[in-house]
Amino acid sequence: MSAVRLRDLTRSYGPRTVLDVAGLDIEQGEFVCLIGRSGSGKSTLLRALAGLDGDVAGDGRIQVPARRSVLFQDSRLLPWASVADNVTLGLRGDGVGDAAATALADVGLAGREKDWPSALSGGEQQRVALARALVREPELLLADEPFGALDALTRLRMHALLRRLVAEHRPTVVLVTHDVDEALALAERVLVLEDGRVVLDHRPTPRTADDLLAERRRLLAALGVDEDTSTRLRETA
Amino acid sequence: MTTTPIRPAPEVRHDALAGADSHVRLRRLAPRQLGALGLGIGPLVALVVWQVASSTGLLPEQQLASPLTAVTTGWEMLTTGELLPHVAASARRAYLGLGIGVALGLGLALLSGLTRSGEAAVDSLVQIKRAIPTLALIPLAILWLGIGETMKVAVIATAVLVPIYLNTHAGLRSIDQRYVELAQTTDVGRAEFIRRIALPGSLPGFLTGLRLAVTMCWTSLVVLEQINATEGIGYVMNRARDFGQTDVIVVGLVIYAVLGLASDALVRVVQGRALSYRKGMGS
């Protein structure tokens with residue numbers, strides 16, 4: 001069953017069409033990475049799925065689950081609200097506090113409920129944002145370069161955390177990145193966007209390190225980067 | 001064309017490493033922060049000059065009383081119980097006007113900052129009010145509200161309203177659009193948006209407005225208490241003018257200064273507490 005279904009989706013800024021997707025279906029529980037150069041329309045597509053583009057001209061049909069969460073590049077925590085209050089933003093009812101505590105424990109921040117966001121490191125803030133996204137048990141998790149502002153080591157840890165949490169909660173995931181390695185580390189399916197169109201729809205299944213390098217080369221080629229990784233490896237060897 | 005030889009970099013003195021101070025010294029480009037004591041130097045010097053001028057007869061008593069005379073007079077007025085009822089009367093007017101003005105300014109700012117129709121109705125009016133000096137409203141206020149307490153409180157309230165409105169409105173306007181997006185994606189309703197994002201987001205602006213307002217509520221008082229008042233610091237000062245008591249006038253001025261500064265300090269404490277979330281690690 002498709003969780004996400006797009007038909008004839010267009011978005012344009014003035015005379016410039018930034019998105020033109022004839023058709024796209026994403027299966028329930030699928031982890032999709034959207035990659036593309038700057039201006040390829042990947043963020044525009046994500047914002048369309050999130051319903052955040054009401055002021056952008058466009059047409060087409062979008063079918064998405066009702067329960068959606070968005071993970072932004074910045075953690076977007078309210079600086080004046082405690083960590084727990086940030087996690088439960090928009091939630092009502094009893095047990096909200098317990099839900100926050102559980103969600104925070106899930107991202108390795110147990111006991112930090114009462115801290116101000118400014119007391120957390122960048123990686124910790126993004127983990128709070130992840131807890132806020134997952135505490136509402138989304139059917140669709142939309143992430144716009146969520147780890148783009150983190151350092152390389154923190155990013156690797158976040159990949160592992162996200163993989164574990166997605167395996168537990170089983171949402172459908174659409175994650176935008178410009179990092180081919182991140183896409184290969186996370187995605188079951190990679191979509192490459194160029195000039196607002198999907199130019200490559202691919203399910204990488206690397207089994208060996210050589211497979212991974214081949215996949216990497218293929219995706220980079222689709223992005224217009226002709227870096228011959230094998231040559232580089234030979235030079236450094 | 002003459003060639004200027006490039007000045008060699010100053011030699012690194014290795015013996016400096018052996019010194020007791022382990023800090024690397026850099027040239028200071030901005031002045032060091034001035035402490036509370038340093039800030040008091042200006043007023044202190046002025047006070048000494050004033051006293052010397054009075055003692056040497058350079059500044060006659062009928063022009064301005066000396067600081068010592070003023071202090072003595074102030075102490076007498078305080079101990080005889082003459083002063084306190086006047087201070088209380090003034091404080092009642094000032095803070096009643098402040099309370100009403102803050103409530104009105106805050107209400108109007110929320111109306112104008114959160115709704116388009118509210119902004120259309122309110123914003124230009126407040127901007128026009130801002131351009132008119134408060135004291136210029138007194139003749140009209142007297143015609144409408146008489147010369148009693150209502151008029152005085154109303155004039156103070158309209159004066160105080162302006163900085164509260166302007167700063168709160170600016171605070172609301174400056175709330176990051178990204179938080180609005182966040183609210184949209186987390187199913188935050190209108191009421192929760194106001195409570196959890198709009199109000200705390202505009203709090204810094206409101207508190208800045210409040211700091212201006214607490215000193216402003218005393219400013220109009222001097223003039224207002226010249227009109228049909230039988231008590232209040234302004235009344236005492238005007239009566240002193242008629243009798244040529246410059247020492248009493250100085251006492252009144254000092255009371256205004258102290259009350260204004262104390263109110264401001266109080267709001268700064270509240271500001272520090274309410275905005276404590278801004279202090280993160282290391283700051």
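Residues numbered from 1 in each chain as written. Chains lettered and ligands numbered in written order. Predicted model: local features only at pLDDT ≥ 70, side-chain atom pairs only at ≥ 80, totals over all residues. Heavy atoms only, no water.

Draft legend 1. Broad picture of a nonpolar patch on the surface. Residue and element names in this part refer to chain B. A grouping of Leu-140, Leu-143, Trp-144 and Leu-145 is seen on the molecular surface, where their side chains present a nonpolar patch of about 490 Å² in accessible area. With respect to the secondary-structure elements, Leu-140 resides in helix H6 (residues 138–145). Using a relative accessible area of 39% as the deciding quantity, one classes Leu-140 as partly exposed. (Patch = residues over 30% accessible without salt bridge, like charges linked within 9 Å, V, L, I, M, F, W, Y side chains within 5 Å. Areas by Shrake-Rupley, 256 points an atom, 1.4 Å probe, with all protein chains shown as cover. Salt bridge = Lys/Arg side-chain N within 4 Å of Asp/Glu carboxyl O. Helix = DSSP H or I, 4+ residues; strand = E, 2+ residues; numbered from the N terminus. Buried < 20%, exposed > 50% of the residue type's maximum accessible area, 1.4 Å probe, protein only.)

Draft legend 2. Focus on the domain arrangement of chain A. Residue and element names in this part refer to chain A. Segmentation of chain A into domains returns domain 1 (2–67 + 138–149 + 170–236) and domain 2 (74–136). Each of domain 1 and domain 2 was reduced to a C-alpha centroid, and the two centroids are 27 Å apart. Of the roughly 410 Å² buried at the junction of domain 1 and domain 2 (both faces included), carbon and sulfur atoms supply 67%. Broken down residue by residue, the surface that domain 1 buries against domain 2 is led by Pro-138, Leu-141 and Pro-146, which jointly contribute 73%. Across the contact surface, domain 1 and domain 2 share one residue pair in polar contact (both at pLDDT 80 or more). (Domains from an automatic or database assignment. Buried area = accessible area lost by both parts, 1.4 Å probe. Polar contact = N/O pair within 3.5 Å; in protein donor to acceptor, adjacent residues only side chain to side chain.)

Draft legend 3. Spatial organisation of the sheet that holds strand E3 (residues 31–36) of chain A. Residue and element names in this part refer to chain A. Pairing in this open sheet of six strands is mixed, and the strands run E5-E6-E7-E3-E8-E9 from one edge to the other. The outermost strands of the open sheet, each flanked by one partner alone, are strand E5 (68–71) and strand E9 (197–202). With strand direction ignored, the average angle separating the axes of adjacent strands in the sheet is 20 degrees. As defined by bridge partners, E5 adjoins strand E6 (residues 140–144) across four bridges and the pair is classed as parallel. Bridging across to E6, Ser-69 finds its partner in Leu-141. (Pairing = 2+ DSSP bridges. Axes fitted to C-alpha atoms, helices over the stretch in contact; angles between N-to-C directions.)

Draft legend 4. Molecular detail of the sheet that holds strand E1 (residues 2–13) of chain A. Residues and elements named next belong to chain A. Read across the sheet, three strands follow the order E2-E1-E4 without closing on themselves; strand pairing throughout is antiparallel. Where the open sheet ends on each side, the last strands, each with one partner, are strand E2 (16–27) and strand E4 (57–63). Along the sheet, successive strands turn relative to each other by an average axial angle of 0 degrees, direction set aside. Across six bridges, E1 lies against E4 in antiparallel orientation.

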